[in-house]
Amino acid sequence: MIASEILNAKILIVDDQEANVALLDQLLGEAGYTAVTSTQNPAEVCALHGDNNYDLILLDLQMPGMDGFQVMEGLQADNPKGYIPVLAITAQPGHKVRALEAGAKDFISKPFKLVEVKTRIRNMLEVRMLYKELQNHNKLLEQTVQERTMDLTSANTQLTQEIEERKKAEKSLHKTYAEIKRLKDRLQEENVYLRNEVDQKFNFGEIIGQSDALSVIFSQVQQVAPMNATVLLLGETGTGKGVVARAIHRSSTRKDRPLITVNCTTLPATLVESELFGREKGAFTGSDARQIGRFELADGGTIFLDEIGEMPLELQSKLLRVIQDGEFERLGSPRTIKTDVRIIAATNRNLKEEIRNGKFREDLYYRLNVFPITLPPLRQRKEDIPLLVNHFVAEFNNKIGKKIETVSTNTLSLLRDYHWPGNVRELESIIERAVITSQGNSLQVLDRFEAIQMTDEIAGGNDPQEVKALAELEHDHIRQVLQQTGWRIEGKNGAALLLGLNPSTLRARMRKIGIVRQ
Ligand SMILES: Nc1ncnc2c1ncn2[C@@H]1O[C@H](COP(=O)(O)OP(=O)(O)OP(=O)(O)O)[C@@H](O)[C@H]1O
C-alpha cells in the first residue's frame, strides 16, 4: 500500500542547473515516481510548496541569488512547527551538517551516486508516507474519540436525567410509603379521635350504635315516638332502656313538656304511691306538706316508669286506672285529678313469669304491652363496641379533662371479647375508670377488667368456680345477704345493716351491678 503511495508522492526538484534537474528527473522517472516537477528559480519554492504541499523537495544548496539555506528559512517561516520535506543536495561536505541543522531531513552528495540518491529518496519518502498515514490514523482516532465523547456526554446527560427522575420517583414512593405507614399505624391504633361527626352519624338522640340490632330499635323509636301509645321497654340491665325512653320523648310532640322518671326500685315501697300520685297535707303521719305527684308533674308530657316489675301489686291497680282513664286521686284527698300523660315503662324482668307467680297484674301487662321494644344485650351487638368506646372516651375526656386519643387494637379486642353482663352501663363505667387511670394518650383498661376477662376465659374452660372477679364476688355476696333477709334492705333485719352499708348506698350498688329482686 505504501509502495504505490510512495511512487505517487509529490516531488519538487530545485536546482539552478538544468543538467542537474534533467538528471534527477530522469533518475526519478526511471525509479517509477509519477509526480515529479522541478524549478530552477529558488525564489518561487515557498509559494509552490504552499500550493502543492510536497512530500519531498530535492533542494540544491548552492544557487545564485537565493541559496538552499535561505529557501529553508523561508519554508520554516511559512510553517514554523510543520514538517519541511527537504533533502539537501550539496557538493560540499561542510554543508551537510549545516543543512541538517537548518531543518533538512537528509542530504545527497554531488556528484550523484545512483544508489545513494535512490535509497535516500526512498527512505525519506517512506518515513514521510508513514508519518502521513499516522497523521490520518490520528485524525480518525480523534474523530472517533470525539464522536464517542459526544455519545458518552449525551448518554451521561440522559443518565443524569434518569437518575434525577428515579430520585424523584423514589422520593414520592417514600412519601407514599410514609403515608401508607401512617394510615396503617392509625388503623392499628384504632384511633378514637374525638369525632363528633361519628356521633352525629350513628346516634339517635343519645343512642349510639350502628349494628343491625340497633337500627331495628331506631326505626321502632321513630315509628312509635309521634303517637301517644304506651311503650314497654324490655331488656337486660344497662342495655339503654332509659336512653330509649328519652329518645322517644324527645321525638314526640310532647318534647317541650317534661319527661318525668320514676324508678320503682329506688323508691321506698311506702313512698311510691305518694311519689306517683301526690298527697294532701296530713295524709299520713309525718306528711306535713302537700306534695304534687309525678303524674301531675308529667301532665302534658311523658312519665317513664323504670323497673315497673318492681311495683307493688296494690299500686299496679292504681296505675292501671291512670292508664285507662287518665284519672287518680292524691293520697288523703277524695278529689279526682285528670291527667294527660304518655307512659313509657321499662323492666328487665320477665313479666309473663311475674304474672304466673302472681306478682304482676295481667291486665296491667296488656295495657303496657301495646308497643314493646326489646333492647338487645351488648354481647349480641359487639360491632357497636368501638363506637361506644369512642363516645365514652370523648365524654370522659371532656368531663375529666384528659386527652385520650387512641385505643389499641388489643384493648379493643379485649373489650369486644368480654360478655358484658352489665351491658352498656358496665362498658361506660369501665371506660370511665380507664380514662381516669390511663397514662399518656392511649386508653389502658384497668386490671380489674382483665381479671373479669380472665374469669370468662376460665369459665369457658374447665372450672368456672375457680377464679371470680371482685365484681362477681360482690354481686353474689349482696344477693346472698338479700336472700337471707327476704330482700329487706332497710331496718334492723335489713341487708344494709348486715353489709355495713347505708340503705341508699346499697340500693345504688344493687342498681349498678344489676341485682334485682327475684
Ligand atoms: N346505645 C347507647 N348509646 C349511648 N349510651 C348508652 C347506650 N345504651 C346505654 N347507654 C348508657 O349506658 C348507661 C345505662 O343505660 P340505661 O340506664 O338507659 O340502661 P337501662 O337499660 O335503663 O338499665 P336498667 O335496666 O339498669 O335501668 C347510661 O349511662 C346510658 O347513657
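For the structure itself, consult the block above.
All of these numbers come straight from a predicted model, not from anything done at the bench. (Residues numbered from 1 in each chain as written. Predicted model: local features only at pLDDT ≥ 70, side-chain atom pairs only at ≥ 80, totals over all residues.)

A. Structural view of the sheet that holds strand 2 (residues 35-39). Taken in spatial order, the five strands of this open sheet run 2-1-3-4-5, and their pairing is parallel. Both outer strands of the open sheet, strand 2 and strand 5 (106-109), are each paired with one neighbouring strand and no more. Direction aside, neighbouring strands of the sheet carry axes that sit 20 degrees apart on average. In the sheet, strand 1 (residues 10-14) pairs with strand 2 via five bridges, with the strands oriented parallel. Looking at the pairing, Val-14 lines up with Thr-39 of strand 2. In this fold helix 4 (residues 68-78) packs onto strand 1, strand 3 (56-60) and strand 4 (86-90), with an angle of close to 145 degrees to the strand it touches most, strand 3. The sheet strands contacting helix 5 (residues 93-101) are strand 4 and strand 5, and the helix crosses strand 4 at an angle near 160 degrees. (Pairing = 2+ DSSP bridges. Helix = DSSP H or I, 4+ residues; strand = E, 2+ residues; numbered from the N terminus. Axes fitted to C-alpha atoms, helices over the stretch in contact; angles between N-to-C directions. Contact = placed C-beta atoms within 7 Å.)

B. The arrangement of the site of the ligand in detail. By nearness alone, 18 residues border the ligand, and Ile-208, Gly-240, Lys-241, Gly-242 and Val-424 come closest of all. Of all the elements in the fold, those that place two or more residues in the shell around the ligand are strand 7 (207-208), helix 9 (241-250) and helix 17 (423-437). A class-by-class count of the residues in the shell around the ligand yields five nonpolar, eight polar and five charged. Viewed by domain, the shell around the ligand spans two of them, domain 2 (212-375) and domain 3 (381-513), each represented by three or more residues. (Near = placed C-beta within 6 Å. Nonpolar A, V, L, I, M, F, W, Y, C, P; charged D, E, K, R; others polar. Domains from an automatic or database assignment.)

C. Representation of the pairing of strand 1 within the structure. Here strand 1 lies mainly inside the structure; four of its five residues are buried. Taking the sense of rotation as the criterion, the β-α-β connection linking strand 1, helix 2 (residues 18-30) and strand 2 turns out right-handed. Pairing of strand 1 with strand 3 involves four bridges; the strand directions are parallel. Looking across to strand 3, one finds that Leu-12 is bridged to Ile-57. (Buried ≥ 20, exposed ≤ 12 C-beta atoms within 10 Å, placed from the backbone. Right-handed = clockwise from strand over helix to strand, strands pointing away.)

D. Unusual backbone geometry, seen in detail. Between Lys-110 and Pro-111 the backbone carries a cis peptide bond, its omega angle lying at -15 degrees. Mapped onto the fold, Pro-111 is located in the loop between strand 5 and helix 6 (114-189). With a phi close to 50 degrees, Trp-420 is a non-glycine residue in the positive phi region. Even without being glycine, Trp-487 reaches a positive phi, approximately 65 degrees.

E. Molecular detail of the pairing of strand 3. Most of strand 3 sits inside the fold, with five of its five residues counted as buried. Burial along strand 3 is two-sided: Leu-56, Leu-58 and Asp-60 facing one way and Ile-57 and Leu-59 facing the other are all buried. The sheet contact formed by strand 3 and strand 4 spans four bridges and is parallel. Residue pairing across strands places Asp-60 opposite Ile-89, the latter belonging to strand 4. Regarding topology, helix 4 serves as the crossover connection from strand 3 to the parallel strand 4, and that connection is right-handed.

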